[in-house]
Amino acid sequence: MAILLDGKELAKKIRENQKEEVINLKKNGVFPKLAVIMVGKNSASEIYVRNKSKVCNEIGIDFNEYLLEEKTTMKELKKLITTLNEKNDINGILLQSPIPSGLNINEAFECISPTKDVDGFHPENIGKLCLGQDTFVSCTPYGIVKILEEYNIQIKGKHVVILGRSNIVGKPLIQCMLNKDATVTVCHSKTTEIEKHTKMADILIVAIGKPNFVTKDMVRQGCTVIDVGINRNQDGKICGDVDFKEIEKVASYITPVPGGVGPMTIAMLMNNVIKSAKNQNKKNLGA
Ligand code: NAP
């Protein structure tokens, strides 16, 4: 039976350290603050934003929420982002996706100051990640690296197979794994004979958004399986992209859904906000 990679428990431990760190920042006059923008109504986004707000609250990070109407124009969205860029007391800006289809999300991400881009989606920060420079790493890939490291699962020299190449998960994850000296294979919707690749993986990371897509016959005995997917099955229950019940019988390590990558994503967002607050207050902190 596979060992469970318990992201929920690990995130709890990380939050304890973050609480201490925020207390120390406040003693030095630094009050970390995150601004979250949501455009239009989306029930999944509302849950994600509520969770982020709860965690901010728990560790002492101020949280400002900006709710814009569905009919918001690009000009209005960019105006708000520019105002937040200029506010000294805001350390991180997060634009919750998706946004209404009439708006250009890439243009909006580019408008966020790279110094406040705690989601790590700005082209400048993606570029820095590719060059192996210090930057804000996107929270889900960052959380995956952290979970592997905390469980002492070696990445260096291992064959990591990633399913999914989205801008927010798959692509930055490729770079994170390369930066950790893995050999990386990436599969997507046009990949043929996908199981030929998945069976070669020492570490298989699945981020495609298809319930129970990866079955037992697609993985190698002893492989580590990271499930990023968040889906609902036919019974309306949350499930991942891999068939957990069957795969835990052959994998050596596996993340559950829920309770795996999700909580680690939020924990890494908090790390990025704290990092940003420190970067922006080097004088107060005597650095
Ligand atoms: P996305 O933007 O929809 O991208 C999906 C990716 O999967 C695309 O690259 C697509 O290929 C690929 N794909 C789709 N069907 C495939 C198939 N049959 N075989 C191989 N590849 C296939 O999704 P995303 O935003 O990356 O999210 C993926 C999943 O992770 C979703 O369930 C989402 O809810 C979840 N998620 C979880 C967290 C977390 O914190 N746990 C964070 C973000 C996302 P093409 O590029 O060829 O279209």
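Residues numbered from 1 in each chain as written. Predicted model: local features only at pLDDT ≥ 70, side-chain atom pairs only at ≥ 80, totals over all residues. Heavy atoms only, no water.

## Observations concerning the site of the ligand
Item 1. Near the ligand lie 21 residues; those nearest to it are Arg165, Ser166, Ser189, Ile230 and Thr265.
Item 2. For the ligand, an oxygen atom lies 2.5 Å from a polar atom in the side chain of Ser166.
Item 3. Contact between the ligand and Val228: a nitrogen atom at 3.4 Å from a main-chain N or O atom of the residue.
Item 4. Protein contacts shield 71% of the accessible area of the ligand, which totals 930 Å² for the unbound molecule.
Item 5. Classifying every residue of the shell around the ligand gives nine nonpolar, ten polar and two charged. (Near = heavy atom within 4 Å. Polar contact = N/O pair within 3.5 Å; in protein donor to acceptor, adjacent residues only side chain to side chain. Areas by Shrake-Rupley, 256 points an atom, 1.4 Å probe, with all protein chains shown as cover. Nonpolar A, V, L, I, M, F, W, Y, C, P; charged D, E, K, R; others polar.)

## Quick look at the pairing of strand E5 (residues 159-163)
Item 1. Most of E5 sits inside the fold, with five of its five residues counted as buried.
Item 2. Side chains His159, Val161 and Leu163 of E5 all project onto a buried face; the interleaved residues Val160 and Ile162 project onto the opposite face, where all are buried too.
Item 3. Handedness of the β-α-β unit built from E5, helix H7 (residues 170-179) and strand E6 (residues 183-187) comes out right-handed.
Item 4. Where E5 meets strand E7 (residues 203-206), four bridges bridge the pair, whose relative direction is parallel. Residue pairing for E7: Leu163 is matched across the bridge by Val206. (Buried < 20%, exposed > 50% of the residue type's maximum accessible area, 1.4 Å probe, protein only. Helix = DSSP H or I, 4+ residues; strand = E, 2+ residues; numbered from the N terminus. Right-handed = clockwise from strand over helix to strand, strands pointing away. Pairing = 2+ DSSP bridges.)

## Regarding helix H1 (residues 7-27)
An α-helical turn contains 3.6 residues, so any two residues separated by three or four positions project in the same direction.
Item 1. Over its 21 residues, H1 extends 30 Å from the first C-alpha to the last, a length consistent with the 30 Å expected when each residue adds 1.5 Å.
Item 2. When we look at burial in H1, the residues that qualify are Gly7, Leu10, Ala11, Ile14, Arg15, Gln18, Val22 and Leu25. Buried residues in H1, looked at end-on, bunch into an arc of 135°, giving them a common side. Opposite the buried face of H1, by more than 90 degrees, sit the exposed residues Asn17, Glu20 and Lys27.
Item 3. Looking at the buried residues of H1, the elements they touch are helix H2 (43-59), helix H6 (139-150) and helix H10 (261-280).
Item 4. Near the N-terminus of H1, the side chain that reaches the backbone nitrogen of Lys8, with its oxygen 3.2 Å away, is that of Asp6.
Item 5. Of the residues trailing H1, Gly29 is marked for its positive phi of about 80°. (Expected span 1.5 Å × (residues − 1). Arc of directions from axis to C-beta. Contact = heavy atoms within 4.5 Å.)

## Observations concerning the pattern of salt bridges
Item 1. Within the structure shown, the criterion is met by 15 salt bridges.
Item 2. Notably, a salt bridge pairs Lys275 with Asp134, separated by 2.8 Å at the nearest N-O pair. Here Lys275 is found in helix H10, whereas its partner Asp134 is found in the loop between helix H5 (123-130) and H6, with 141 residues between them in sequence.
Item 3. Bridged by salt links that share partners, the residues Arg15, Glu16, Lys19 and Glu58 form one connected network. (Salt bridge = Lys/Arg side-chain N within 4 Å of Asp/Glu carboxyl O.)

## Observations regarding the sheet that holds strand E2 (residues 33-39)
Item 1. With respect to topology, three strands assemble into an open sheet ordered E3-E2-E4, the strand pairing being parallel. Strands with a single pairing partner mark the edges of an open sheet, and in this sheet they are strand E3 (62-68) and strand E4 (92-95). The mean inter-strand angle of the sheet, taken between neighbouring strand axes irrespective of direction, is 20°.
Item 2. Note: E2 against E4, four bridges, orientation parallel. Bridging from a neighbouring strand, Leu34 pairs with Gly92 of E4. (Axes fitted to C-alpha atoms, helices over the stretch in contact; angles between N-to-C directions.)

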